[in-house]
Amino acid sequence: MLHPDSVGRTFLGANPVTVTQEDISAFALAIGEEDVSVAPPTFSICISLAQSQAILSAPEVGLDWTRLVHGDQRFELRRPIVAGDVLNCDSTIESYKVIAGNEILTVRSDLASKGKLVASSWSTLVVRA
Amino acid sequence: MIEVGAELEEHVFWIDRDLLKKYADASGDQNPIHQDEEFAISVGLPNVIAHGMLTMALVGKYISDWAGGPANVKEFSARFVKPVIVPANGKVDLTVSALVTEAVDKNVRLNITATSAGVKVLAIAKALVVVK
């Protein structure tokens, strides 16, 4: 179960991620996108989900990532991500509830470049009982 | 001029195990439920399932194409209601269509429908795009 102190907490991204053209091209190629001048709209999930996993699986937070299901997902894109972006990802556990033993939480991830917000995303994650 | 109520042309994506591997490598999501049949079944799934985010990425491609490129997608959301089940051999469809629900200047809101093998896989799937 999630440690109650974690709810509402923002975890500041420790390690900025540099987006390469290879990252964008591989993602675009997988989905058949030929325009690789910018990242596809869902590309930021590669950064935000990896960071959420690292944060939420930490012993002091206590989420069981192995029983996790992705419930829903939302993106707000201020501008497209491009190669060379150095993105810092801050994650906040915005909500948490337990229904019939299933833990349901919403994690907001803010990706910023040089202090300017590039994309926000919200992931609802369900840990099955 | 884009009008409210306009329907976008339906498009079919085909998903096979090879695509799941490609998406796993490109996205970094190597969860075995998307690649290993034995593992998927051991955790109660009917078979290997596609990443929800792969489904969403393909729908993103659909709306990007319509809007004139990936840079024109401003908001995008969906709920994953049923998994896309991917057989060991062959492929399964992801059939996508959309409806214009709002059009103000260049900002267009879409409601998206996505099914696989006749089953609705996304709910409340919406996007805001800017059509240049």
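Above: the structure in question.
Keep in mind the model is a prediction, meaning the values are calculated, not measured.

A. Layout of the pattern of salt bridges. With the rule as written, the count across this model stands at 11 salt bridges over all chains. We note a salt bridge from Arg79 of chain B to Asp72 of chain A, for which the minimum N-O separation is 3.4 Å. Here Asp72 of chain A lies in strand 3 (residues 68–77) and Arg79 of chain B lies in strand 2 (residues 73–80), a pairing that spans two chains. For Glu102 of chain B, the salt bridge goes to Arg109 of chain B, with nearest N and O atoms at 3.8 Å. Since its relative accessible area comes to 31%, Arg109 of chain B is described here as partly exposed. Taken together, the salt bridges that share partners define one network made up of Glu94, Arg108 and Asp110 of chain A.

B. Representation of the interface of chain A and chain B within the structure. Residue-level contacts link 24 residues of chain A with 25 residues of chain B. Summing both partners gives a buried area of about 2100 Å² for chain A against chain B, and 65% of it is carried by carbon and sulfur. Together, Ala30, Ile31 and Pro41 of chain A form the three largest contributors to the area buried by chain A at its contact with chain B, with a combined 24%. Seen at the junction of chain A and chain B, the total is 5 residue pairs in polar contact (both at pLDDT 80 or more). At the level of elements, helix 1 (21–30), helix 2 (45–56) and strand 3 of chain A are the ones that each hand at least two residues to the side of chain A that touches chain B. Take the side of chain A that touches chain B: its biggest share by element is 8 residues, from strand 3 of chain A. Here the side of chain A that touches chain B is built from residues that sort into 13 nonpolar, 5 polar and 6 charged. Pairing of strand 3 of chain A with strand 2 of chain B involves 5 bridges; the strand directions are antiparallel. Its bridge partner lying in strand 2 of chain B, Asp72 of chain A is registered against Arg79 of chain B.

C. Inspection of the packing of helix 1 (residues 17–27) of chain B against helix 3 (residues 52–67) of chain B at higher detail. Residue and element names in this part refer to chain B. Where helix 1 contacts helix 3, the two axes come as close as 10 Å, and the packing angle between them is 95°. The angle between the axes of helix 1 and helix 3 places the two elements in the roughly perpendicular class. Here Leu19, Leu20 and Tyr23 of helix 1 lie close against helix 3, whose contacting residues are Met53, Leu54, Ala57 and Leu58. For the contact of helix 1 with helix 3, the class distribution of residues is 7 nonpolar, no polar and no charged.

Procedures and definitions
- Residues numbered from 1 in each chain as written.
- Chains lettered and ligands numbered in written order.
- Predicted model: local features only at pLDDT ≥ 70, side-chain atom pairs only at ≥ 80, totals over all residues.
- Heavy atoms only, no water.
- Salt bridge = Lys/Arg side-chain N within 4 Å of Asp/Glu carboxyl O.
- Helix = DSSP H or I, 4+ residues; strand = E, 2+ residues; numbered from the N terminus.
- Buried < 20%, exposed > 50% of the residue type's maximum accessible area, 1.4 Å probe, protein only.
- Contact = heavy atoms within 4.5 Å.
- Buried area = accessible area lost by both parts, 1.4 Å probe.
- Polar contact = N/O pair within 3.5 Å; in protein donor to acceptor, adjacent residues only side chain to side chain.
- Nonpolar A, V, L, I, M, F, W, Y, C, P; charged D, E, K, R; others polar.
- Pairing = 2+ DSSP bridges.
- Axes fitted to C-alpha atoms, helices over the stretch in contact; angles between N-to-C directions.
- Parallel < 35°, antiparallel > 145°, perpendicular 65-115°, else oblique.

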